[in-house]
Amino acid sequence: MQLNNARLSFPSLFHPELFAGENPRYQAVFVFEPNSPEIERLQAEINRVAIEKWPNGAPQGLETFLHPNANKAATAGFDEGGWYFNGRSKTALMLVDQNAQTLTERDEKFYPGCYVNVMIDIYAFVKKGLKSRICCTLRGVQFAMDGDPFGASAEPITPFNVLPNAVPAAEPQGATDPDSFATQAAVPASVAASLFAT
């Protein structure tokens, strides 16, 4: 399932993060603003998966991966009335830009507060001895557009002054040589194979 225009938070998209008692996983939190039409779509899909798994009625108190922003009221970007979920994956993710071209960490496109489209798989988790619930697996993330960074200070940071005992920095070797980077080849971005629509 693809969900659009979520705000990205706590991203670990390029390197798996280690959680206590678990294997390292790629992960991010996806925040939806109040009145986002994607929430209705997501809740409908969660209900469909639950009915398919438990046609005679879901277990009492069935939990899902979708949570109200009120659970993180003190966290920047989690506006009242919105919803969020945490998506995780054991395997590397498909990460693309608006043109469905592969992004790397060096592109610096993903940051807390930017808008993204996200691809997830939704499933019912059932295991003896553990509480049944509706879960999701993160498959890919598409950068959609820039947004105000979460937690960004409204006050500009005053730069440091140059100290009286500062030594002038030496010019790096090769900085004035127009051919100093001639041997570096650009890495072309590959087209993401049908995960996200262009």
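Since the structure is predicted, the reported quantities are computational estimates derived from the model, not experimental observations. (Residues numbered from 1 in each chain as written. Predicted model: local features only at pLDDT ≥ 70, side-chain atom pairs only at ≥ 80, totals over all residues. Heavy atoms only, no water.)

K.L.:
Any details on the overall build of the protein? Residues and values, ideally.
P.N.:
Looking only at helices and strands, the protein features one helix and eight strands. Helices (α) and strands (β) of the protein occur, in sequence order from the N terminus, as β-β-α-β-β-β-β-β-β. Here the protein holds 198 residues, and 32% of them are scored as buried. Within the protein, contacts between residues at least 6 apart in sequence are counted, and of these 70% link residues at least 24 apart. As displayed, the protein has an accessible area near 13,200 Å², and 52% of this comes from carbon and sulfur atoms. (Helix = DSSP H or I, 4+ residues; strand = E, 2+ residues; numbered from the N terminus. Buried < 20%, exposed > 50% of the residue type's maximum accessible area, 1.4 Å probe, protein only. Contact = heavy atoms within 4.5 Å. Areas by Shrake-Rupley, 256 points an atom, 1.4 Å probe, with all protein chains shown as cover.)

K.L.:
Explain unusual backbone geometry residue by residue, including any values.
P.N.:
Despite not being glycine, Phe10 shows a phi value in the positive range, around 45 degrees. Residue placement: Phe10 occurs in strand β1 (residues 2–17).

K.L.:
Pulling in residues and values, what's your account of the nonpolar core?
P.N.:
Counting residues in each nonpolar core, the largest one holds 32 residues, and the members touching the most others are Leu13, Phe30, Leu42, Phe65, Phe85, Phe110 and Ile120. Secondary structure elements with two or more residues in this core: β1, β2 (25–32), α1 (37–53), β7 (115–125) and β8 (133–145). Every residue in contact with Phe85, bar those within four places of it in the chain, is listed here: Leu3, Ala28, Val29, Phe30, Phe32, Leu42, Phe65, Leu66, Val118, Ile120 and Cys136. (Core = buried A, V, L, I, M, F, W, Y, C linked by side-chain atoms within 4.5 Å.)

K.L.:
I'd like a rundown of the packing of aromatic side chains, residues and numbers included.
P.N.:
What the rule picks out here adds up to five aromatic pairs. With a centroid separation of 6.2 Å and an interplanar angle of 50 degrees, the aromatic rings of Phe14 and Phe110 are classed as tilted. Placement of the pair is Phe14 in strand β1 and Phe110 in the loop between β6 (94–96) and β7, with a sequence separation of 96 residues. Under the relative-accessibility criterion, Phe110 is labelled buried at 13%. Members of the aromatic cluster, joined through ring pairs, are Phe30, Phe32, Phe65 and Phe85. Taking the ring centre of Phe125 as reference, the NZ or CZ of Arg133 above it sits at 4.5 Å. (Phe/Tyr/Trp six-rings, centres within 6.5 Å; stacked < 30°, edge-to-face > 60°. Lys NZ or Arg CZ within 6 Å of the ring centre and 35° of its normal.)

K.L.:
For the confidence of the model for the protein, give the residues involved together with the corresponding values.
P.N.:
In the predicted model, the protein carries a mean pLDDT of 85, and 81% of its residues have values of at least 70. Contacts from residues 175–191, a stretch scored under 50 in pLDDT, to residues over four places away or in other chains number nine contacts. (pLDDT = per-residue confidence, 0-100.)

K.L.:
Tell me about the layout of surface pockets, and please be specific about residues and values.
P.N.:
Its volume calculated, the largest pocket comes out at about 590 Å³. Lining the largest pocket are 20 residues, and of these Arg25, Arg88, Arg133, Cys135 and Cys136 lie nearest its centre. At the level of secondary structure, the elements contributing two or more residues to the lining of the largest pocket comprise β3 (63–64), β5 (83–89), β7 and β8. A per-element tally of the lining of the largest pocket places β8 first, with six residues. Of the residues in the lining of the largest pocket, the class split is seven nonpolar, six polar and seven charged. (1 Å grid on protein atoms, 1.4 Å probe; cavity = no way out; pocket = protein on both sides within 12 Å on 5 of 7 lines; lining within 4 Å. Points joined across faces, edges and corners; volume = space filled by probe spheres on them. Nonpolar A, V, L, I, M, F, W, Y, C, P; charged D, E, K, R; others polar.)

K.L.:
Please set out the pattern of salt bridges residue by residue, giving values where relevant.
P.N.:
According to the stated counting rule, one finds six salt bridges in the structure shown. Its salt-bridge partner being Arg48, residue Glu45 comes within 2.7 Å of it at the nearest N-O pair. Pair noted here: Glu45 and Arg48 are both in helix α1, with a separation of three residues, about one helical turn. A relative accessible area of 21% means that Glu45 is categorised as partly exposed. Each of Glu45, Arg48 and Glu52 takes part in one network of salt bridges that share partners. (Salt bridge = Lys/Arg side-chain N within 4 Å of Asp/Glu carboxyl O.)

K.L.:
Talk me through α1; I want residue IDs and the actual numbers.
P.N.:
Compared with the 24 Å implied by 1.5 Å per residue over 17 residues, the 25 Å span of α1 between its first and last C-alpha is a close match. Of all the residues in α1, the buried ones are Glu38, Ile39, Leu42, Ile46, Val49 and Ala50. The buried residues of α1 occupy an angular sector of 110 degrees when the element is viewed end-on, so they sit on one face. Structural note: α1 exposes Pro37, Glu40, Ile51 and Glu52 on the side pointing more than 90 degrees away from its buried face. (Expected span 1.5 Å × (residues − 1). Arc of directions from axis to C-beta.)

K.L.:
Which residues make up the pairing of β1, and what are the values?
P.N.:
In terms of strand pairing, β1 meets β7 through four bridges, oriented antiparallel. Looking across to β7, one finds that Leu3 is bridged to Val118. Strand direction decides the pairing type here: β1 and β2, joined by five bridges, are antiparallel. The residue of β2 that forms the bridge with Ser9 is Val29. (Pairing = 2+ DSSP bridges.)

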